[in-house]
Amino acid sequence: MTRISSVSLRRVLDSRGNATVEADVLTDSGGFGRAAAPSGASTGEYEAIELPAQEAIANAREHAVPRLVDTVYAGDQRAVDNALRAADGTDNFSEIGANSAVAISMAAAKAGADTLGAPLYQHLGGAFRGDNFPIPLGNVVGGGEHAKDATDIQEFLSAPVGAPSVEEAVFANAAVHAAIGDIFDEREIGAGKGDEGAWAPPIDDEEAFEIVDEAVSQVADEVGFEIKFGLDMAAAEMYEDGAYQYSDGEKSTDEQIEYVADLVEEYDLAYVEDPLDENDYEAFAELTEQVGDQTLICGDDLFVTNVSRLQDGIDAGAANSILIKPNQIGSLSDTFDAIELAVKHGYKTIISHRSGETEDTTIAHLAVATDADYIKTGTVAGERTAKLNELIRIADDAV
Ligand SMILES: O=C(O)[C@@H](CO)OP(=O)(O)O
Ligand SMILES: [Mg+2]
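Values in this document were obtained by computation on a predicted structure and should not be read as measured data.

1. Digging into the coordination of the magnesium ion (ligand 2)
No. 1: Binding of the magnesium ion (ligand 2) to the protein goes through Asp232 (OD), Glu273 (OE) and Asp300 (OD), at separations of 1.9 to 2.2 Å.
No. 2: In the primary structure, the donors to the magnesium ion (ligand 2) are separated according to the pattern D-x40-E-x26-D. Taken together, the residues Asp232 in strand 8 (residues 228-232) and Glu273 in strand 12 (residues 271-273) connect sequence positions 41 residues apart.
No. 3: For Asp232, a relative accessible area of 1% corresponds to the buried category.
No. 4: Taking the relative accessible area as the measure of exposure, Glu273 reaches 0% and is therefore buried.

2. Brief notes about the pairing of strand 5 (residues 155-159)
No. 1: Of all the five residues making up strand 5, five are buried; the element is thus mostly covered by neighbouring parts of the structure.
No. 2: The alternating pattern of strand 5 places Glu155, Leu157 and Ala159 and Phe156 and Ser158 on opposite faces, both of which are buried.
No. 3: Relative to strand 5, strand 4 (residues 135-142) runs antiparallel, the two being bridged by four bridges. Bridge pairing in strand 5 links Asn139 to Leu157.

3. Quick look at the environment of Gly130
No. 1: Position of Gly130 relative to the elements: it lies in the loop between helix 5 (120-125) and strand 4.
No. 2: Taking the C-alpha atoms as reference, Gly130 lies 19 Å from Val161; in sequence the two are 31 residues apart.

4. Quick word on the domain arrangement of the chain
Put simply, an interface is often sized by how much accessible area is lost when its parts join up.
No. 1: Each assigned domain of the chain is listed here: domain 1 (4-117) and domain 2 (135-398).
No. 2: In this structure, domain 1 and domain 2 have C-alpha centres spaced 27 Å apart.
No. 3: Of the residues lining the interface, 32 residues belong to domain 1; the matching set on domain 2 comes to 31 residues.
No. 4: Across the contact surface, domain 1 and domain 2 share five salt bridges.
No. 5: Between Asp195 and Arg16 there is a salt bridge, with its nearest N and O atoms 2.7 Å apart.
No. 6: Taken together, the links from domain 1 to domain 2 amount to 22 residue pairs in polar contact (both at pLDDT 80 or more).
No. 7: Looking at the side of domain 1 that touches domain 2, the elements that each hand over two or more residues are strand 3 (32-36), helix 3 (77-88) and helix 4 (98-116).
No. 8: Per-element accounting of the side of domain 1 that touches domain 2 gives the leading share, seven residues, to helix 4.
No. 9: Tallied by class, residues from the side of domain 1 that touches domain 2 come to 14 nonpolar, nine polar and nine charged.

5. Observations concerning the packing of helix 1 (residues 53-63) against helix 4
No. 1: Direction vectors running N to C along helix 1 and helix 4 enclose 60°, while the axes themselves pass 8 Å from each other. On the basis of their axis angle, the class for helix 1 and helix 4 is oblique. When you trace helix 1 past helix 4, the crossing you get is right-handed. For the pair helix 1 and helix 4, the contacting residues are Ala53, Ala56, Ile57 and Ala60 in the first and Asn99, Ser100 and Ile104 in the second.
No. 2: Partitioning the contact of helix 1 with helix 4 into residue classes produces five nonpolar, two polar and no charged.

6. Some words on empty space enclosed by the protein
Any empty space left between atoms is shown by rolling a water-sized probe over those atoms.
No. 1: Scanning the entire structure with this criterion turns up three cavities of 30 Å³ or more.
No. 2: There is about 100 Å³ of room inside the largest cavity.
No. 3: What lines the largest cavity is a set of 15 residues, among which Ala36, Pro38, Met106, Glu357 and Ile363 lie closest to the centre.
No. 4: Every element with two or more residues in the lining of the largest cavity is listed here: helix 11 (326-329) and helix 13 (362-369).
No. 5: Of the residues belonging to the lining of the largest cavity, the class tally is five nonpolar, five polar and five charged.
No. 6: No fewer than three residues from each of domain 1 (4-117) and domain 2 (135-398) sit in the lining of the largest cavity.
No. 7: Estimates place the volume of the second largest cavity at around 70 Å³.
No. 8: In terms of lining, the second largest cavity is formed by 16 residues, of which the most central are His146, Gln154, Glu155, Glu196 and Lys325.
No. 9: Of the residues assigned to the lining of the second largest cavity, the class counts are one nonpolar, seven polar and eight charged.
No. 10: Taken domain by domain, the lining of the second largest cavity gets at least three of its residues from each of domain 1 (4-117) and domain 2 (135-398).

7. Notes on the UniProt feature "active site" (unreviewed entry) in the chain
No. 1: Feature annotation in UniProt assigns "active site" (unreviewed entry) to the following positions: Glu196 and Lys325. The subset of the named residues that lines the largest cavity consists of Lys325.
No. 2: Residue position: Glu196 is located in the loop between strand 6 (192-193) and strand 7 (199-200).
No. 3: For Glu196, the residues in contact, after removing those within four places along its chain, are Asn139, His146, Glu155, His353, Arg354, Ser355, Val380 and Arg384.
No. 4: A distance of 2.9 Å separates the side chain of Glu196 from the side chain of Asn139, its partner in a polar contact.
No. 5: Considering the arrangement of structural elements, one finds Lys325 in the loop between strand 14 (321-324) and helix 11.
No. 6: Its relative accessible area of 5% is what places Lys325 among the buried residues.
No. 7: Residues in contact with Lys325, not counting those within four places in the same chain, are Asp300, Thr305, Ser352, His353 and Arg354.

8. Describing helix 3
No. 1: Its 12 residues place the ends of helix 3 17 Å apart at the C-alpha level, agreeing with the 16 Å of an ideal helix rising 1.5 Å per residue.
No. 2: Every buried residue of helix 3 is accounted for by Gln77, Val80, Asp81, Ala83, Leu84, Ala87 and Asp88. End-on view of helix 3: buried residues confined to an arc of 155°, all on one side of the axis.
No. 3: Of the residues flanking the end of helix 3, it is Gly89, one or two places downstream, whose phi is positive at about 80°.

Basis of the calculations
Residues numbered from 1 in each chain as written. Chains lettered and ligands numbered in written order. Predicted model: local features only at pLDDT ≥ 70, side-chain atom pairs only at ≥ 80, totals over all residues. Heavy atoms only, no water. Donors = N, O, S within 2.8 Å, 3.2 Å for Na, K, Ca; no water. Helix = DSSP H or I, 4+ residues; strand = E, 2+ residues; numbered from the N terminus. Buried < 20%, exposed > 50% of the residue type's maximum accessible area, 1.4 Å probe, protein only. Pairing = 2+ DSSP bridges. Domains from an automatic or database assignment. Contact = heavy atoms within 4.5 Å. Salt bridge = Lys/Arg side-chain N within 4 Å of Asp/Glu carboxyl O. Polar contact = N/O pair within 3.5 Å; in protein donor to acceptor, adjacent residues only side chain to side chain. Nonpolar A, V, L, I, M, F, W, Y, C, P; charged D, E, K, R; others polar. Axes fitted to C-alpha atoms, helices over the stretch in contact; angles between N-to-C directions. Parallel < 35°, antiparallel > 145°, perpendicular 65-115°, else oblique. Left-handed = near helix turned anticlockwise from the far one by under 90°. 1 Å grid on protein atoms, 1.4 Å probe; cavity = no way out; pocket = protein on both sides within 12 Å on 5 of 7 lines; lining within 4 Å. Points joined across faces, edges and corners; volume = space filled by probe spheres on them. UniProt positions renumbered as here; feature names shortened; annotations may be inferred. Expected span 1.5 Å × (residues − 1). Arc of directions from axis to C-beta.

Encoded structure:
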């Protein structure tokens, strides 16, 4: 029924104009799945390895495809992912590339779903999945590794926490993005856009806070429900020589903790991702102790969707939420294991895009399948709206 009959791989373009890996999977009874791997810029030190697309494709064709075709069933996701692990033979997909692995893993899931006649979110989530929808965190102002000469903080994220539906939440984030553009026009600030479609203005963080706060309040009044905002500080990218390097000077770890805690208070932040370095569980635990009851402290580079790093965080009391990116770990089974561990220990889950993306919509289905609390997948730009619009279709039962 869902036995894999063919796997084909090709290079396609991602949203930065770089080559990435796309996989097509076919099953014996004609089921079909296609998926493409995203790619990060502010990558975590402990992420699975992304190889150059052509190399990843060649190695996967040689080592992984023969293990899958006429042998493994696309409906048995763990068997697919175990075969990928066996084909690679390393603990971080450095042989076939996490980009090939995750593309095949996701394409196989889609082929399995197609064969069984179920939408992907239903196939992945099963009969007992919840029916909650994730709140979309919309990147509206950005800098860091995603844009040159813009803010130090990588992402300012609109968080429509009071939205009555995913559709209204998605449109509210777009309205915040537009309102910020209007404020830049009023202030005669020329702003381009960063990798993820957020505004990339030549302003400092302080002015960015002021503008985002103003836009969020304005749109909240217009739509009639609560909208907060959050951050991805991607602080591992700022941490150098034992301090956090900002354009206006450096902050020690204690000063960084105090700075973030003050920001949470001042702006009632809904969410702060990677506020500290990816190796500093202790500092994460200290910050979580201080403000973890008021906001989500999220580990992205800290955990890299990896159960053993997440377990270390749980043991240390570090963070209270985890960013989930399938290409950080390389397969959907490993991704599900990280989500299950997080939920078991009361950590919120945020399914996330990468700064380099394609039109693939898998993460929208993954968020619904796993009852994720949030999804972080931008606000505008085609590779972001592909996922946001898929969420709206799923909510509308139109997939
Ligand atoms: O840091 C992040 O959370 C991601 C997505 O915004 O960026 P990148 O894909 O560059 O790691
Ligand atoms: Mg991040």
